Structure formats: C-alpha cells, structure tokens
Amino acid sequence: MTPPPDAGLGPFASLAEKLQEITEALAATSTMREVIEIVLTPAVEALGAVAGIVLLVYHTDQQMKIAGSQGYEDVTLTVWQEGPIEDHVLISDILRMKEALYFEHVGALKEAYPDLESRTGALAAVANAVLPMFLDDRPFGIIVLDFTEPHSFTPAERRFLRILSAQCAVALGRAEATVLLEVRVEERTRQLEEQTQRMEEQRAAQEAFVAFTEAVGSQTDLHTLVRQAITVLQSRFPGASIVYYEERDALWKGQVWSDDLRPELVVVISAGLPSDTPLFAEALRTQAPVFTDAWDAQREGVASSEEYGAAAMYPLLIDGELRRLLSIGLRNTRTWSEADRALLRSVGRSLDLALERTETARQLALQNAELQAHTRALEAFAELTRDLALNTDSLLLIRRAQEAVMPMLSEGAALYYELEREVWRNRVQHGNFHSPELQAAVDAGLPYAGTASLLIPWTTGQPYFQDVYDQDSDQLASVAGHVSATATLPLRVEGKLTGVLAFALLKRRTWSSVDRVVLETTVRSLELALDRAEYARQKEAQQFAVLEARSQAEQAAQETEWQRTQAETMQRLAHHDTLTGLLNRAGLSASLAQAVSAGSPFALFYLDLDSFKTVNDTLGHDAGDELLIQITAVLRREIRGAARERDQALARIGGDEFTVMVDGVLNEGQSAAIALRIRSALDQPFRVADQDVFMTASVGITLFPADGQTPEDLLKNADLAMYQIKRESKNGWRHYVPGMSQEAHAHLLLTSGLKGALSHDEFRLHYQPQIDLASGEVRCLEALLRWFPAGGEVVSPERFIPEAEASGLIVPIGQWVLDTACAQLAVWRKSGFPNLRVTVNVSPVQLARPEFVETVQSALNLAGLEASALELELTERGMLADLPAVQEQFRALRALGVQIALDDFGAGESNLGRLFQLPFDVLKLDRKLIATLDEQQEARRFLHALQVFASSLDLEVVAEGIETPGQLEVVRELGYHRGQGYLLGRPAARWPPPDADQRQEVDH
C-alpha cells in the first residue's frame, strides 16, 4: 500500500503544508510590508503564539526598526523596541551567533538577560522564540514570537521557524532589491529627461542663431536688421516682447518694437526712459548683457510692464561706443535659463556685427559723398576764377560763388553781408525769399547785436549752422516764419574779416557733413580768389603774375596734400581685400604688371577652395569668413620664404579664390614642389564654429614668360588649369598647357547653349519602361533627359549634365524635368494606366537646395498626383558630402510619400554603410553588374548575395541593362523585382510606343 505524500514528514507535516502556503504567497510579493504581513500571521497561528514582531537592521546607522507586528495592543510596551543594535544585547548576540534562541518557561529570558526589562521598561512574555534573518551573510533582522504560557519548542516547530525566517529574509531581500532598482530607474529617467531638455535647448539656440546669421548676411539697413532680430527672438521665445532703443535728448527712446506691445507701454517707451532706470543703468555701467529674473515693474521703474516675468537688456556697441540697446521681456517665465541666455547673446553678437558693418558702409558712403561734393565745389569755383586776371570785382566773385552753390541746396536765398556803422548791409544776393516783408527788412539793414545768426560767425570766426532757424534771435519772427534752416560763414580777405556769407533755405534741411564740406570749401576758395583780386588791385601788373603763381601754388599744395591723403586711403581700399587684408583682384593686377615689366621669371598659382560653399551653407557665413582668415594665415606662413614681398605675393581675388606669386621659379618641377607645400600646409583641421573643418584646394599654375606675356593671360591660363584639376579630381594641381584654352572654349559654348535651351524648348524627355519581373507588366517609366540644340547635333547627357551642374543650370532644368514628367504621368493615368508610376533622376546639386522638397511637392500638386506615384533616383556621386543635410532632405521626402532609389549601385562608388544611414526604398544595380552574367561564372552568386542583402533591408531591387534573354532568365530566378534594359524596352519619346517591339508586357 502506497503511503500518503506527507507520511514521511511525521509531526512536521501540518507545518510543512503551512510553509508551502507561505512560500507561494511570498512569490507574489513586491514590498517589505507585504512580506511581513504574509509571514507573521501564519507563524503566530501555527505555533499558538499571542503576538509576533519583525525588526529590521538599517546598516546606514546600525539601528533596529520595527517593520511590522501582530497581536500587540497599540499602547502595549514590549521589550522588543527600536534603537541602536549595540544597546540591545539580546539582538546583538543573536545576529553575532546567527542562531535562534528559545525561551520556553517563565523567567528564562530574564535569567539570560537580567537587565532587559529594566532597560526597556517593559515586561517580557512567558515564552519567546527569537529568530535571526540573514541574506548572503548579511544580517537582515529578527522575527520574534511571544507566548503567554510556557511553550516547549519541538524539533518540528524549530525546523518550521528556521525555514520560515530564511524564506522571509529572501523575500525581504528581493523586495529591497526591487525598491532600489525602481529608485535607480527613476533617477536615471530623471537624468535622461534633464539631459534631453538641455540638448533640445542647445539645439534650439543653435538653430535660431544660424537662422539669424543667414538672414542678416547681406542686409545693411539698420531697422530692417533689428526687425529680423525681433523675428528670430520671438520664434524662440513665444509671447516675448522686444524693443530696440536709441538715445535721443538724454532719454532712451524705443525706435522699433514687436507688434505684441500694449498701446500704453508703446506710449512709455516712445516717450523715453532715463538712463538711471535700473535695467538701463546696469547695461550702461557694465556694457554687457543684463538678465533680470522675477521682473517687478514698480521696482524697475517701467510703467505698464506688469505682465512680464523676466527681462534682459543687450548693449549694442559700435566702434566701442554704446549707442543702442536691445531689450526683451518674457511673459511665460520668471527666470532665464542658460540656453536662453546663450541664444540672446548669440543674436546680440550677430546684430552687433551687422550694425558695425552697416556703420562702416555708411561712413564709407559719407566719405565718398564728401569727396565728390568737395570736388564739385572746386570745379564750380574754378569757373569763377578762370578770368580773374581780367576781373577784380570782389562782389561779382561773391555773386558767382552764390550762383555755384545754391543749385546744390534747396530753394532759398544766398546773401553777403558787410558791417556798416552797427548795421548789417546786404551787398550781394542770389535767390528769392518769396516774402516782400522779409526782403524789405533785409534791404533796410539788420541790427548788429540783434542779429545772432550774423553776430556769432563774425565774433567766433567759425561757421554757424541752424537746422531749425531761430527767428526770434534775429528779431525777424514776424516776417521770417517760413525760413526753415540757415548757414552763415565768416569771409576773410588777406586774413581780415570783411563780411558774412549767409544761406537761408525755405525747406526743412538738416545740415549734413557733406553740406558743410561744400560750403566751407566754397568759402576757402572764394577767400583765395578775393585775396588774388585784392592783390591785383593794389599791385602793378608785373607783380600780379607773382601773386597768381603763389596763390595757385598754395591752393595746389593744399589740394594736393588733401588729395594725396584721400588717394592713399582710396588706394588701400581699392587694392586690398577688407576681410583678409590681402591684395584684391585690382591689387594683384598691379603686382603682376610690375613683375612682368621687371622681366624676371616667376610662377603664378591660382587656388580655388574645394567645397567651401558647403561650409557657408551648413555653418553660416561668419564661420566661412573665419575659415578664410585662418587659411590666409596658413598661406602667408608657407610662402614667407618663397615670395619676394609677403604683402604682394598673396592675393584673394574671389569668395574662395586665392593667388600666390613666387619669384625665381624657372620650371614645372620647382612650381610643383611649391604646390605640394601649399597642399601639405592645408592638410590640417581648421577650428570654426566649434567644429573641425578639413579643406582642400584645386591649384592651377602658369609660368612667366612661357605661359603668358601679360597679367591677363597669366591669370586666365592659371584659371583654366585650375578648372581642369577641379573637373578631374580636386585636391591637386595642374600646369597650364595650350590645349586647355580650346577645351575651355568648348565648355563655354556648351554652357552658353544650355542657358538658352529651356527658353528655346530644346529639351525632350524620353521614357524607358521598368518591368515587373514576376508579372511582366510595366510598373513604371524612367524619364530620361535629351537635348536637341536648334541647328546642331544631339548632345549626350554625359556631356551636358556635368556642365549644367557646374554652372547651376541643373536646378531650373531639373525643375522642368520634374514638372514635365509628372504632367505626362497624369495624362497616362487618365488614358487607362491608373497604376503607372514615373522615376526621375535627381542631381546632387538639386538635392542640396533647401527648397528642393517644395519643388517636388509643387510638381505633384500641379499634376494632381499623389506622392507615391513619383520615384526619385540619386547616385552617391557628390551627394554625401554633407550627410546630416542629406538625411534631413530624405526625411522630408519620405514624409511626403515619395519613393527614393539609389541608382548605379556597384558602379565603383558604392558604400554599403550608406544603405543603413539613408532610408532608400529601391536599390538599382548598375548595368555593368548585369553584363557580368555573360562574362563571369561567379556573377550569378554575387548577384544572389546582393538580392539577399537587399531583402534583409526591405529594399526593392531593379536590374538595369538587361540585353539578353539569358540575363533576363537569371534575374527572374534570383527573385529580382524589376528589370530595365534594351531587351525589355528602349527609351522613346512616346509611350506606349508604336513600335511592336516596345510591348506593355513581357512574356515569361
């Protein structure tokens, strides 16, 4: 007879069953509280105890703390209390011995530990079981059971309690580990969220900075620049208000502000704020950005600004002077983050640079205008003095001076006053006051002391200009109210004051520096003429020639000195590049001319930086300028020992074009060595915009006198050699050979023809079918561009596509191809081919354009097609120079729904890694791979491996160049999706073509 399952357990059977229940319950616990609740109740019930308690060890401070209890009244004080382990001798002994202690009769516990009751102030139970809990030799705590009656612990009970305490320790350890894991996960999650937020803030700041620097790249209008800065800041700080201030009449007045300002605040900023306003005062004191958290309108002294939580002020310095301020107020926050501060500083710096550029341009324009005005005044007065030898009438000279000046000013009158017995008498007048009353007052004479506009220049000897004429100071308010502006200048003859030349204008005018130059130059010239006239009247005819010569010499000397100074400045500006300080194209031409005249042999190196445009497009024009400055320093160091004079040997003649002229180079071997030195010098990382940028150059070389006898020929031929190496490989050099001119001429004719090809309707699209190899149906048609020049032979795409890309004409041509192909597909779909698709080849130049995705969308919209009807084919050639930008374009195209194919895969440039980096839909094998099926036995296995690889990436595979039935059979067996080639259909201008061989389906 088979014994029952528990027969061998004897007295332990019922306890074992209880243990089983406890074990199952513990498996579902996840917290310490759940573990203790599950353990205590069964233990108390199984052994008939009246109460039980669990104390856990906290290792951080070596304390015992109660984790749970059962059977004790809330007010009952027990000997099992919380506190330091070392203060509880019994618990310390149990944890040290790692053994349970059993006290079975009255007084047994007190006998073993006499001071326990006195220390705790409580009475011990009659009997007790105290069990240690250990996990991996680490003390975890104790379990205590109290009995009100003596209790003899049987071996089965002791075994039960020992197992129970061990299982409880394991469960508590698991719960503790779960809690620790959750804490770590929460902490790591918080760290990742903070890191992500910081990265997003930094990215937003960088993007806003790039957007603003691109926007102000060529703008010079001050207020336009400020409005662009406001637009950028509001895009980053939604709900922010921005104000641009200038100091006017000792107040800072708002000149440009964002549209969201409330009318009452506009009134405040327009009226102006004093310099002691706290935010203004701090910015003026430190001349650095000031950020204010927790904005308080009353404290800050800016009325009607209570709605803002934080504010900042950015001082705009021009030539080291603080002339303008840019403020921003934030509504949605009361604190400035570091990222927001960085963004404001970046935009402020860009605006500072733009304002500096604007001020420089304005100063140059002003200097030029002053020079022209001075020249006009001299030319006009030359007419006055031409016949001076025959005319010594000083008043006539003054009148002619007035006649020369007034056309340069606005409507009004020019007068010449002389003082006569405390009365100002008008001696000569040109022009009309249009007021009989004012004319009568002037003709009657004006009082000496009561006419301030004449008295001031007479007594000070300096010109006196009034932008707003003060009639009261001249006691003419009743008759001169229509006079707007005046200028009065003292006139001397032989160094002695003789009168005052006055100009009264009827229209409002602010006297500019140009106006002042014109009038002061006229007066100086007039004084010289009057000196000569006076001298002529006093001296004999023979002495007049001496005075004339001296006067002319003095004037010529003054004019020569002035013109020399101006010429030196203009010469420097005319012959040097403002960014790098190098010679510009004009300066290079002059240096080449001198070198050619000297007749000594020299070499001219023409450098064009490769892919410099990518730096400007991705990092911004400021980064591009910094890169050019660094490259200039490298080139200067490299040619220091080779060039005769450093400042004349190196020039920048274009955006990314440099020339180097080196004396004493006799042959191509010497020039090649120098070119190698230049290339080696550029083979280093350039640090711009916090990134390492690598740059190469294409170099063309000419030798004098072998490659040209004039500066123009030498520069032109070096340019031709440079373009030759740029077309071939870049990052190298070529010496000029005569045949390059004819080749360049051919390229020029080709490019010239391309410019008119679109407008003359010389392009056509031919379509070649791509066949579904499983069904034999035409899946899509590839649009192929053909050029039929008027009156000429057909030009192959291999010839004109590279020229179109180099000249940029590929952009409008590519747009025409997209529009035409989509429009034709729409016609076919309406004609009974609803599922037909079209593929269009895209140049890397098109893909690099930021508006490319918009042009694709436009073509689809015009044709009324969904995006899935279009497939774009791209090659790796030149496409991956800027991988992040290409990835962004791919994401936009995929979001649009357009299919993207990698064309000519296997043509020599293939990079399998690109298939992981870019989301292609279709892999189009180069025709050379298919051709190997007839030539190489290993070709089939290689193409099978490609198919397996493409399938693992979910790429559809197109076999291009199928020309034999054997090739068609193999690609079908290998499971390729689509096929294309002359066997399946030739390119044709019409589809379906009338030729019977151009079938819509291909037999299996």
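Residues numbered from 1 in each chain as written. Predicted model: local features only at pLDDT ≥ 70, side-chain atom pairs only at ≥ 80, totals over all residues. Heavy atoms only, no water.

A. Structural detail: the overall build of the protein chain. Each helix and strand counted, the protein chain has 32 helices and 32 strands in total. When the 1004 residues of the protein chain are sorted by exposure, 46% land in the buried category. Within the protein chain, residue pairs in contact and separated by at least 24 positions form 63% of the contacts whose partners lie at least 6 positions apart. For the protein chain, the accessible surface area stands at approximately 49500 Å², while carbon and sulfur atoms represent 52% of it. (Helix = DSSP H or I, 4+ residues; strand = E, 2+ residues; numbered from the N terminus. Buried < 20%, exposed > 50% of the residue type's maximum accessible area, 1.4 Å probe, protein only. Contact = heavy atoms within 4.5 Å. Areas by Shrake-Rupley, 256 points an atom, 1.4 Å probe, with all protein chains shown as cover.)

B. Region of the structure containing helix α12 (residues 394-405). The end-to-end C-alpha distance of α12 is 17 Å, a good match for the 16 Å that twelve residues give at a rise of 1.5 Å each. Looking at α12, one finds that the buried residues are L397, I398, A401, Q402 and V405. Down the axis of α12, the buried side of the element spans an arc of 140°, and every buried residue falls inside it. Its side-chain oxygen placed 3.1 Å from the backbone nitrogen of L395, D393 serves as the N-cap of α12. (Expected span 1.5 Å × (residues − 1). Arc of directions from axis to C-beta. Polar contact = N/O pair within 3.5 Å; in protein donor to acceptor, adjacent residues only side chain to side chain.)

C. The sheet that holds strand β3 (residues 83-84), seen in detail. Reading across the sheet, the six strands line up as β3-β2-β1-β6-β5-β4 and stay open at both edges, with antiparallel pairing between neighbours. Bordering the open sheet on either side are β3 and β4 (101-103), each of which pairs with just one other strand. By the bridge criterion, nine bridges tie strand β5 (residues 127-135) to strand β6 (residues 138-147) in an arrangement that is antiparallel. Counterpart to A127 in the pairing with β6 is F147. Along the sheet face, helix α2 (residues 32-47) touches β1 (51-58), β2 (63-70) and β6 and points at about 145° away from the line of β1. (Pairing = 2+ DSSP bridges. Axes fitted to C-alpha atoms, helices over the stretch in contact; angles between N-to-C directions.)

D. Spatial organisation of empty space enclosed by the protein. With the rule as written, the count across this model stands at six cavities of 30 Å³ or more. By volume, the largest cavity amounts to about 230 Å³. Forming the boundary of the largest cavity are 21 residues, of which Y245, W295, V302, S327 and G329 lie nearest the centre. For the lining of the largest cavity, the secondary-structure elements that each account for two or more residues are β7 (241-248), α8 (263-271), α9 (278-286), β10 (310-318) and β11 (321-330). At four residues, the largest contribution of residues to the lining of the largest cavity is made by β10. Looking at side-chain class alone, the lining of the largest cavity contains 16 nonpolar, five polar and no charged residues. In this structure, the second largest cavity encloses a volume near 180 Å³. Surrounding the second largest cavity, 19 residues form its lining, Y417, S453, Y469, D474 and A504 being those nearest its centre. Every element with two or more residues in the lining of the second largest cavity is listed here: β12 (412-420), α13 (436-444), α14 (452-460), β16 (485-493) and β17 (496-505). The element contributing the most residues to the lining of the second largest cavity is β17, with three residues. (1 Å grid on protein atoms, 1.4 Å probe; cavity = no way out; pocket = protein on both sides within 12 Å on 5 of 7 lines; lining within 4 Å. Points joined across faces, edges and corners; volume = space filled by probe spheres on them. Nonpolar A, V, L, I, M, F, W, Y, C, P; charged D, E, K, R; others polar.)

E. Structural detail: the side chain of S165. Mapped onto the elements of the fold, S165 is located in helix α6 (residues 155-215). S165 sits in the buried class, given a relative accessible area of 7%. When residues no more than four places from it in sequence are discounted, the contact partners of S165 are L131, P132, M133 and I143.

F. Seen up close, the packing of aromatic side chains. Taken as a whole, this structure holds 17 aromatic pairs when the rule is applied. With a centroid separation of 5.1 Å and an interplanar angle of 20°, the aromatic rings of F602 and F704 are classed as stacked. One end of the pair, F602, is in strand β18 (residues 602-610); the other, F704, is in strand β23 (residues 696-704), and 102 residues separate them in sequence. Residue class for F602 comes out buried when judged on its relative accessible area of 1%. (Phe/Tyr/Trp six-rings, centres within 6.5 Å; stacked < 30°, edge-to-face > 60°.)

G. The arrangement of the nonpolar core in detail. Counting residues in each nonpolar core, the largest one holds 73 residues, and the members touching the most others are V856, L870, L872, L925, L943, V971 and Y976. Broken down by element, the residue count for this core peaks at nine residues, all from helix α25 (residues 810-830). For L943, the residues in contact, after removing those within four places along its chain, are L925, L929, I930, L933, L974 and Y976. Counting 34 residues, the second largest nonpolar core, distinct from the first, contains F605, V615, A623 and L650. (Core = buried A, V, L, I, M, F, W, Y, C linked by side-chain atoms within 4.5 Å.)

H. Highlighting the pairing of strand β21 (residues 685-688). Of the two faces of β21, only one is covered, namely that formed by F686 and V688; the face formed by P685 and R687 stays uncovered. Sheet analysis places β21 next to strand β22 (residues 691-694), joined by four bridges and oriented antiparallel. Bridging across to β22, R687 finds its partner in D692. Linking β21 back to β22 in an antiparallel pair, the connection comprises two residues, with A689 at a positive phi of about 50°.

I. Representation of unusual backbone geometry in the model. Note the cis peptide between F704 and P705, where omega equals 10°. Note on placement: P705 falls in the loop between β23 and α22 (711-728). At H434, a residue that is not glycine, the phi angle is positive and equals roughly 55°. Checked against the element boundaries, H434 lands in the loop between β13 (423-431) and α13. For H434, a relative accessible area of 52% puts it in the exposed group. Unlike most non-glycine residues, A689 shows phi in positive territory, near 50°. Checked against the element boundaries, A689 lands in the loop between β21 and β22.

J. Spatial organisation of the sheet that holds strand β9 (residues 290-292). With antiparallel pairing, the five strands of this open sheet are ordered in space as β8-β7-β11-β10-β9. Sheet topology places β8 (251-257) and β9 at the edges, where each strand pairs with a single neighbour. Taking the axes of each pair of neighbouring strands and ignoring which way they run, one obtains an average angle of 25° across the sheet. Judged from the six bridges that link them, β7 and β11 form a sheet pairing that is antiparallel. Bridging from a neighbouring strand, S241 pairs with G329 of β11. Running at roughly 150° to β7, helix α7 (residues 222-236) makes contact with β7, β8 and β11 of the sheet. Docked against the sheet, α9 engages β7, β8, β9, β10 and β11, running at close to 40° with respect to β10.

K. Region of interest: the packing of α25 against helix α27 (residues 852-863). Their axes nearest at 8 Å, the elements α25 and α27 cross at an angle of 30°. What the angle tells us is that α25 and α27 run roughly parallel. Crossing of α25 over α27 shows right-handed handedness. On α27, the residues that touch Q815, L818, D819, C822, A823 and A826 of α25 are F852, T855, V856, A859, L860 and A863. (Parallel < 35°, antiparallel > 145°, perpendicular 65-115°, else oblique. Left-handed = near helix turned anticlockwise from the far one by under 90°.)

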